[in-house]
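Survey of secondary and tertiary structure
Each chain is listed here by its residues.
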Amino acid sequence: TNMALRLLERGRIRREALRIVDPSPTLLCKWRSLSARTGMQHLRSPTVHNLGSSAWTLTDFARERAEGLEEPVFVEPYDRPSLQVFNAHCDRLIRRAGLAALHHQAEVQGVVAGPDEVRVALSTGEVLHASNVVLAVGAGGAPHWPSWAPPGAPGLHHATGPGSFAISESAESIAVIGGGLTACQLALKLQREQIGRAHV
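Everything in this summary refers to the structure shown in the same document. (Residues numbered from 1 in each chain as written. Predicted model: local features only at pLDDT ≥ 70, side-chain atom pairs only at ≥ 80, totals over all residues. Heavy atoms only, no water.)

**So, the sheet that holds strand 7 (residues 127–130)**
What counts, and what does not: What makes two strands pair is DSSP finding at least two bridges between them. Starting at the N terminus, helices and strands are each numbered in turn, a helix being any DSSP run of H or I of at least four residues and a strand any DSSP run of E of at least two. For helices, the fitted line uses only the C-alpha atoms of the stretch in contact; every axis is such a line through C-alpha atoms, and the angle between N-to-C directions lies from 0 to 180 degrees.
Strand order in the open sheet made by the three strands is 5-6-7, with antiparallel pairing throughout. Both outer strands of the open sheet, strand 5 (108–113) and strand 7, are each paired with one neighbouring strand and no more. Mean inter-strand twist for the sheet, computed between neighbouring axes without regard to direction, equals 15°. Here strand 6 (residues 118–122) runs beside strand 7; their pairing, made up of four bridges, is antiparallel. The partner of arginine 119 across the bridge, within strand 7, is histidine 129.

Okay, structure coming up:
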């Protein structure tokens, strides 16, 4: 999404020649799912890190929308924006650029670079022909499961796995394995929801 916005904004490509291939039903769907799952309320990075055309685009957008918001728009350290405002800003950029019309909901099955073009085979059976391909795969599709925690085992959930996980409200304690920000955010979310005692 970010790359498409930059290419269009800088006039590096004609709209009709650009396609965004993503298996999700909407752009930024995975971002929204994972940030909601972990209970994120404010971003981890400062306001200058946004999808806008300048470092201050999100700040300007937030000033327009500040009234009526239930939570602080920016928090310390680093003036980190609320997830609500960040997502609303992304929605506006996507809408204004008409990116939804450029979104091809499919998985890439293969990429073959030839002398004159790059062929991109999609899960829909279509083949896109392009002069350039930008790979923006993020963290990838499949989460890492340690050998002692096989996928599908009762009571085990992966914070970034597909689908949703439901932790029983009767759970007395929950162990969140991980020492990064995702683990901390998830533990705080469980504490807010008063589901068991969360151990990180």
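**Remarks on the pairing of strand 6**
Inclusion rule: Burial classes: relative accessible area under 20% of the type maximum marks a residue as buried, over 50% as exposed, and values in between as partly exposed (1.4 Å probe, protein chains only).
Alternating positions in strand 6 separate cleanly, Val118, Val120 and Leu122 being buried on one face and Arg119 and Ala121 remaining unburied on the opposite face. In the sheet, strand 5 pairs with strand 6 via five bridges, with the strands oriented antiparallel. Paired with valine 111 across the bridge in strand 6 is valine 120. Between strand 5 and strand 6, which follow one another and run antiparallel, lie four residues. Where strand 6 folds back on strand 7, the antiparallel hairpin that results is connected by four residues, among which glycine 125 adopts a positive phi of roughly 95°.

**Let's talk about the nonpolar core**
In a soluble, globular protein the nonpolar side chains are often hidden away together inside. Threshold: As used in this record, nonpolar core signifies buried Ala, Val, Leu, Ile, Met, Phe, Trp, Tyr and Cys residues forming a set joined through side-chain atoms within 4.5 Å. The contact rule is simple, with two residues in contact once any of their heavy atoms fall within 4.5 Å.
Formed by 24 residues in total, the largest nonpolar core has its most connected members in Leu5, Leu51, Val85 and Leu99. Elements with a minimum of two residues in this core: helix 1 (2–9), helix 3 (57–65) and helix 4 (83–97). In terms of residue count, the dominant contributor to this core is helix 4 (eight residues). Once you skip the residues sitting within four places of it in the chain, leucine 51 turns out to touch Thr1, Asn2, Leu5, Arg6, Leu28, Cys90 and Leu93. If you look at the next biggest cluster of nonpolar residues, it comprises seven residues, including Ala159, Ile174, Ala183 and Leu190.

**Some details on the side chain of arginine 37**
As a reminder of what qualifies: Identification of polar contacts relies on pairs of N or O atoms within 3.5 Å, with a donor-acceptor requirement for protein atoms, meaning one able to donate a hydrogen and the other able to accept it, and with residues adjacent in sequence counted only if both atoms are side-chain atoms.
Considering the arrangement of structural elements, one finds arginine 37 in helix 2 (residues 29–37). The exposure class of arginine 37 is buried, given its relative accessible area of 8%. Within the local environment of arginine 37, its side chain forms a polar contact with the backbone oxygen of histidine 158, the two atoms lying 3.0 Å apart.

**Notes on the side chain of threonine 38**
Mapped onto the elements of the fold, threonine 38 is located in the loop between helix 2 and helix 3. Judged by its relative accessible area of 5%, threonine 38 is buried.

**What to know about the packing of aromatic side chains**
Cut-off, in case you're wondering: Note on ring pairs: Phe, Tyr and Trp rings are taken, using the six-membered ring of Trp, and paired if centres are within 6.5 Å. Classes follow the plane angle, with under 30 degrees stacked, over 60 edge-to-face and the rest tilted.
Taken as a whole and judged by the stated rule, the model has one aromatic pair. With centroids separated by 5.7 Å and ring planes inclined at 65°, the aromatic side chains of tryptophan 31 and phenylalanine 86 adopt a geometry described as edge-to-face. Of the two residues, tryptophan 31 is situated in helix 2 and phenylalanine 86 in helix 4; the sequence distance between them amounts to 55 residues. On the accessibility criterion, phenylalanine 86 (9% relative accessible area) is buried.

**Points about a nonpolar patch on the surface**
In plain terms, the rule: For patches, a residue must show more than 30% relative accessible area and have no salt bridge; joins then use 9 Å for like charges and 5 Å for nonpolar side chains, namely Val, Leu, Ile, Met, Phe, Trp and Tyr. Each accessible area is a Shrake-Rupley result for a 1.4 Å probe, and residues are judged covered by the shown protein chains and nothing else. When a carboxyl oxygen of Asp or Glu is within 4 Å of a side-chain nitrogen of Lys or Arg, the pair counts as a salt bridge.
Together, Val108, Val111, Val133, Leu135 and Val137 make up a nonpolar patch on the protein surface, roughly 460 Å² of accessible area in all. The topology assignment puts leucine 135 in the loop between strand 7 and strand 8 (173–175).

**Comments concerning the environment of arginine 95**
Tracing the chain through its elements places arginine 95 in helix 4. Note on arginine 95: relative accessible area 58%, which makes it exposed. For arginine 95 and leucine 190, which are 95 residues apart along the polypeptide, the C-alpha to C-alpha distance reads 34 Å.

**Quick word on the state of the cysteines**
The test is simple: The criterion for a disulfide is a pair of cysteine sulfur atoms lying within 2.5 Å.
Scanning the model with the defined rule gives zero disulfides in all. In this structure cysteine 90 is a free cysteine whose sulfur lies 13 Å from that of cysteine 29, the closest cysteine sulfur available.

**Section: the packing of helix 3 against helix 4**
A packed helix pair is summarised by two numbers, namely the angle formed by the two axes and the spacing between the axes. Spelled out, the test is: Note on terminology: angles under 35 degrees are roughly parallel, angles over 145 are roughly antiparallel, angles of 65 to 115 are roughly perpendicular, and the others are oblique. Residue type decides the class: Asp, Glu, Lys and Arg count as charged, Ala, Val, Leu, Ile, Met, Phe, Trp, Tyr, Cys and Pro as nonpolar, and the leftover types, Gly among them, as polar.
At a closest axis distance of 10 Å, the pairing of helix 3 and helix 4 adopts a crossing angle of 105°. With respect to their mutual orientation, helix 3 and helix 4 come out roughly perpendicular. In contact with Thr57, Leu58, Phe61, Ala62, Glu64 and Arg65 of helix 3, helix 4 contributes Val85, Phe86, Ala88, His89 and Arg92. Among the residues forming the contact of helix 3 with helix 4, the class breakdown is six nonpolar, two polar and three charged.

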